[in-house]
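Letter by letter, the chains look like this.
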Amino acid sequence: MSNEPTLRKNTTQRANGNVILDVKDLRTYLFTKKAVVKAVDGVSFFLRKGETFGIVGESGSGKSTTALSLLRMEPKPAGRIVGGEIWFYGENILDKNEKEMRKIRGSRISMILQDPQTSLNPVFTIGNQVSEAFTVQEGRKNNQGTLLQRVIDLLRKVNIAAPERRFSDYPHQMSGGMKQRVVGAISISCAPDIVIADEPTSALDLTIQAQYLRLLREIQQTTGISIIFITHDFGIVAKMCDRVAIMYAGKIVEHGPVRAIFNHPLHPYTHALISSVPRMEARVERLFSIPGQLPAPGEMPAGCRFAPRCMYADDRCHKEYPPTFGGLSEHTEHTTDCWRLEDPTWEPKSYSR
Amino acid sequence: MGTEILLQVNNVKKYFPITKGLLFVKTIGQVKAVDDISFTIGESETLALVGESGCGKTTTARLILLLEQPTHGEILLDGKDIYALQGDDYRRYRDRVQAVFQDPWSSLNPRIQVRDIVAEPIIVNHKLSRQEIRDRVEKILVDVGLDPVHADRFPHEFSGGQRQRIAVGSALISNPQLIVLDEPVSALDVSIRAQIMNLLRDVQKQYHVSYLLIVHDLATARYMAHKIAVMYLGKIVEYAKTEELFNNPVHPYTKALFSAALPSHPDIQREEIILHGEVPSPIDPPTGCPFHPRCPMKIGTVCEKEIQTLRCKDNTEHWVSCGLYAEGRPEPETGRQQ
Ligand SMILES: Nc1ncnc2c1ncn2[C@@H]1O[C@H](COP(=O)(O)OP(=O)(O)OP(=O)(O)O)[C@@H](O)[C@H]1O
Ligand SMILES: Nc1ncnc2c1ncn2[C@@H]1O[C@H](COP(=O)(O)OP(=O)(O)OP(=O)(O)O)[C@@H](O)[C@H]1O
Ligand code: SF4
Ligand SMILES: [Mg+2]
Ligand SMILES: [Mg+2]
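Keep in mind it's a predicted model, so treat the numbers as computed, not measured.

The rules we used
- Residues numbered from 1 in each chain as written.
- Chains lettered and ligands numbered in written order.
- Predicted model: local features only at pLDDT ≥ 70, side-chain atom pairs only at ≥ 80, totals over all residues.
- Heavy atoms only, no water.
- Helix = DSSP H or I, 4+ residues; strand = E, 2+ residues; numbered from the N terminus.
- Rg over C-alpha atoms; globule rule 2.2 N^0.38 Å.
- Buried < 20%, exposed > 50% of the residue type's maximum accessible area, 1.4 Å probe, protein only.
- Contact = heavy atoms within 4.5 Å.
- Areas by Shrake-Rupley, 256 points an atom, 1.4 Å probe, with all protein chains shown as cover.
- Lys, Arg positive; Asp, Glu negative; His and termini not counted.
- Charge placed at Lys NZ, Arg CZ, Asp CG, Glu CD.
- Core = buried A, V, L, I, M, F, W, Y, C linked by side-chain atoms within 4.5 Å.
- Disulfide = S-S within 2.5 Å.
- Axes fitted to C-alpha atoms, helices over the stretch in contact; angles between N-to-C directions.
- Left-handed = near helix turned anticlockwise from the far one by under 90°.
- Nonpolar A, V, L, I, M, F, W, Y, C, P; charged D, E, K, R; others polar.
- Salt bridge = Lys/Arg side-chain N within 4 Å of Asp/Glu carboxyl O.
- Near = heavy atom within 4 Å.
- Polar contact = N/O pair within 3.5 Å; in protein donor to acceptor, adjacent residues only side chain to side chain.
- Pairing = 2+ DSSP bridges.

Draft legend 1. A look at the overall build of chain A. Per the secondary structure count, chain A includes 12 helices and 13 strands. Taken against the 2.2 N^0.38 rule, which gives 20 Å for 353 residues, the C-alpha radius of gyration of chain A at 21 Å falls within 12% of a compact globule. Across the 353 residues that make up chain A, the buried fraction comes to 55%. A fraction of 65% describes how many contacts in chain A between residues 6 or more apart in sequence connect residues 24 or more apart. Total accessible area computed for chain A in this model is approximately 15500 Å², and 50% of it derives from carbon and sulfur atoms. Put simply, chain A has 45 plus and 38 minus side-chain charges, and the middle of one group is 3 Å from the middle of the other.

Draft legend 2. Region of interest: the nonpolar core. Residue and element names in this part refer to chain B. Leu172, Leu218 and Ile228 are the most contacted members of the largest nonpolar core, which totals 76 residues. For this core, the element with the most residues is helix H6 (residues 190-207), which contributes eight residues. Look past the residues within four positions of Leu172 in its chain and what remains in contact with it is Ile140, Val144, Ile179, Val203, Tyr207 and Val209.

Draft legend 3. Spotlight on helix H9 (residues 252-260) of chain B. The element H9(B) is largely enclosed, with a buried count of nine among its nine residues. By the burial criterion, the buried members of H9(B) are Pro252(B), Tyr253(B), Thr254(B), Lys255(B), Ala256(B), Leu257(B), Phe258(B), Ser259(B) and Ala260(B). Here the buried face of H9(B) lies against helix H8 (206-223) of chain A together with helix H7 (218-224), strand S9 (227-232), strand S10 (235-241) and helix H8 (242-247) of chain B.

Draft legend 4. Focus on the state of the cysteines. Per the stated rule, a full pass over the model turns up zero disulfides over all chains. Just so you know, Cys303(B) is unpaired, no disulfide at all, and the nearest cysteine sulfur is the one on Cys322(B), 6.0 Å from it.

Draft legend 5. Just the packing of helix H3 (residues 114-123) of chain B against helix H4 (residues 130-143) of chain B, in detail. Residues and elements named next belong to chain B. In contact at an axis separation of 10 Å, H3 and H4 are set at 115° when each is read in the N-to-C sense. As H3 runs across H4, the sense of the crossing is right-handed. Between H3 and H4, the residues in contact are Val114, Arg115, Val118, Ala119, Ile122 and Ile123 and Ile133, Arg134, Arg136, Val137, Glu138, Ile140 and Leu141, respectively. Looking at the contact of H3 with H4, its residues break down into nine nonpolar, no polar and four charged.

Draft legend 6. Seen up close, the pattern of salt bridges. Residues and elements named next belong to chain B. Enumeration according to the criterion identifies 32 salt bridges over all chains in this entry. When the shortest N-O distance is used, the salt bridge between Lys14 and Glu68 registers 4.0 Å. In this pair, Lys14 sits in strand S1 (residues 5-20) while Glu68 sits in the loop between helix H1 (57-64) and strand S4 (72-77), placing the two residues 54 residues apart along the sequence. Comparing Lys14 with Glu68 shows no difference in burial state: the two are buried.

Draft legend 7. Here's a closer look at the site of ligand 1. All names here are of chain A. Lining the immediate environment of ligand 1, one finds 14 residues, of which Gly60, Gly62, Lys63, Ser64 and Thr65 sit closest. Here an oxygen atom of ligand 1 and a backbone polar atom of Gly62 are 3.0 Å apart. Take Thr65: an N or O atom from its side chain is 2.4 Å from an oxygen atom of ligand 1. Across the complex, the protein chains shield 66% of the 640 Å² of accessible surface that ligand 1 would expose by itself. When contributions to the shell around ligand 1 are tallied by element, the ones reaching two or more residues are strand S3 (36-48) and helix H1 (63-70). With three residues, the top contributor of residues to the shell around ligand 1 is H1. By residue class, the composition of the shell around ligand 1 is five nonpolar, seven polar and two charged.

Draft legend 8. Highlighting the sheet that holds S1(B). Residues and elements named next belong to chain B. Sheet architecture is open: four strands sit in the order S2-S1-S4-S5, paired in antiparallel fashion. Every interior strand has two partners, whereas the edge strands, strand S2 (26-42) and strand S5 (80-81), have only one. By the bridge criterion, two bridges tie S4 to S5 in an arrangement that is antiparallel. Each residue of the ladder has a partner; that of Leu77, found in S5, is Lys80.

Draft legend 9. View of the site of ligand 2. All names here are of chain B. Within the structure, ligand 2 sits among Phe16, Val31, Ala33, Ser53, Gly54, Cys55, Gly56, Lys57, Thr58, Thr59 and Pro282. The separation between an oxygen atom of ligand 2 and a polar main-chain atom of Cys55 is 3.2 Å. Measuring from an oxygen atom of ligand 2, one finds a side-chain N or O atom of Thr59 at 2.6 Å. Surface burial for ligand 2 is 59%, taken as the share of its 630 Å² of free accessible area covered by protein chains. Contributing elements (two or more residues each) for the shell around ligand 2: S2 and H1. Per-element accounting of the shell around ligand 2 gives the leading share, three residues, to H1. The residue makeup of the shell around ligand 2, split by class, is five nonpolar, five polar and one charged.

Draft legend 10. A look at the sheet that holds strand S2 (residues 19-31) of chain A. Read from one edge of the open sheet, four strands run S3-S2-S5-S6 (chain A), paired in antiparallel fashion. Both outer strands of the open sheet, S3 and strand S6 (91-92) of chain A, are each paired with one neighbouring strand and no more.

Read these as layout, nothing more, since geometry by itself doesn't imply function.
Structure follows, in structure tokens:
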């Protein structure tokens, strides 16, 4: 199967301007005793400078494995990147050795995890951990006075009140929202090019989440970093992202500018999923509900991964994975992997709501 | 809808003592987990309790399930005080009020066949023959969308959504009047949530059962509930019919909560009411209105010192507890303030 999108309407050409990360046909497999889990199975996407790119999908779809692969931190010992390319400023990350990777991790691409508990060390103070982040990246050349001041400034930047006092707190003395902001501080301490945020707010309350999302946006506006936002929540995508990829069972099934995806979802899975989410803004008579369940890892359908649940599936869908169709809905960057798009006029039926 | 009142919660408080010392235990304070709340649930009606972590939702549920004793106040089911029930009445209460919890992985006993999990509520108290029980279980399994052929399997052989169906089946089998649903879909995958939400709505109609639904997701509350109570620090700050609440939220906390909810489309731009700071501790809650330290609209002593109670707004069924709506004050303009 070729890697370039098959044309539907227009020519597919993506403006190459400002692309800093270009992932091509990435495959990360997990070799477990029971089976080979194709957690990431031919994933391609790119990221521009200063933009927020969302990867949205249900549990087990391969979002975290994709993110970890970008840093060459695929789950060990089972995980192995078995194919693809990850171009970062013109260099393939998959060609780097461990020493070169250590330089990239943290200082050029950093990661915020879902659970701040696991990212902060319980036995060190907050100030300790933030200054450690500076020294790891810059060596011990800083003098202690300026280092302290920089740590305090950084904590203030992520809205920690009275950072001079909070500095000597231990993680357990802080609330979940505060801890997540400290983790955010560490992740931007080195002015990276890319921050990968893996469900950073799913453990937070609504009003605390709103504070945190606003903070991320402000940081992005002042520093121009690019963000890869991993989530299972279309609301986060609507609020935060410029472009989005929808993952299902190790594949990106649809990919495009956020408005194109919300206004004109073309993959039957994306379309059904958006119709199955209740809305806060309007009364919905009856939600569409997708039948069946997610495929078990190691028991992937041979053809389209969504075929067993898809109302449009035919024989070929069950046997052969579809090509990627591009240039959809007037957006050159909108792509979808679905056989139905061979017909240039095809659209999913709208569900009554 | 909800003409006959089924459950009545009147001025209920639940304070947990904070103790110190191992040998000589001393009470040094109290966690005001639930602090003087009142609401009703009608027959075949869903009331949603919404609010952020720690506001007292689960404690309220546990009080209704007789898992906690209230510090003050009363809870009536069909007009009878549930804490005064004795003997048969007490045992029957367990059939009449059931529960489904968030996590379908930990809430089902892994060593018991699905058939017996579902049958459990009718095995002890009901004098039913084995065949009757078998028939009931199979009917319920069909009603919750499972294949009765799988009744002999164990929970681990089912997916999360199917396990939640099993839990709903078990909750329904004794023909209860009320089911407490504590975050019933939040642990499930997005594509599975709509299945369970629709199932809950369908069996509500079929079995004429009422729900107390605990959720933090406002969109889920709007889809599922007939009435909503918004809680903050152990108190109900606003309480109204679902559509009324969403069309016309008046409490500053409700407004902030609604504005913090994620939009369903990128073009939806909401006024951002960003609250500063975090929810204070229920151990030493603020005086006056519990929300006043973070409230962008507070007005001096009324909010800071005076205890606000739920007050019915211009004779609608819309209740609010807020200094702006205190007795004797002209009612503020509704709609978006600020
Ligand atoms: N260390 C591991 N060993 C074996 N299998 C793994 C391991 N880590 C992940 N997997 C499997 O790889 C697949 C992809 O997992 P991944 O964590 O990337 O999904 P995800 O989209 O991040 O899901 P979630 O939303 O639950 O975080 C899943 O089937 C998962 O079971
Ligand atoms: N047994 C207990 N002893 C002491 N404090 C308790 C006890 N149970 C609950 N609390 C406290 O009471 C308050 C309300 O807790 P509750 O579990 O009812 O909140 P909740 O609204 O269900 O929160 P969440 O959304 O996180 O589930 C919290 O501050 C909690 O720490
Ligand atoms: S390829 Fe076939 S099964 Fe897959 S989404 Fe398209 S129509 Fe459905
Ligand atoms: Mg993950
Ligand atoms: Mg709770």
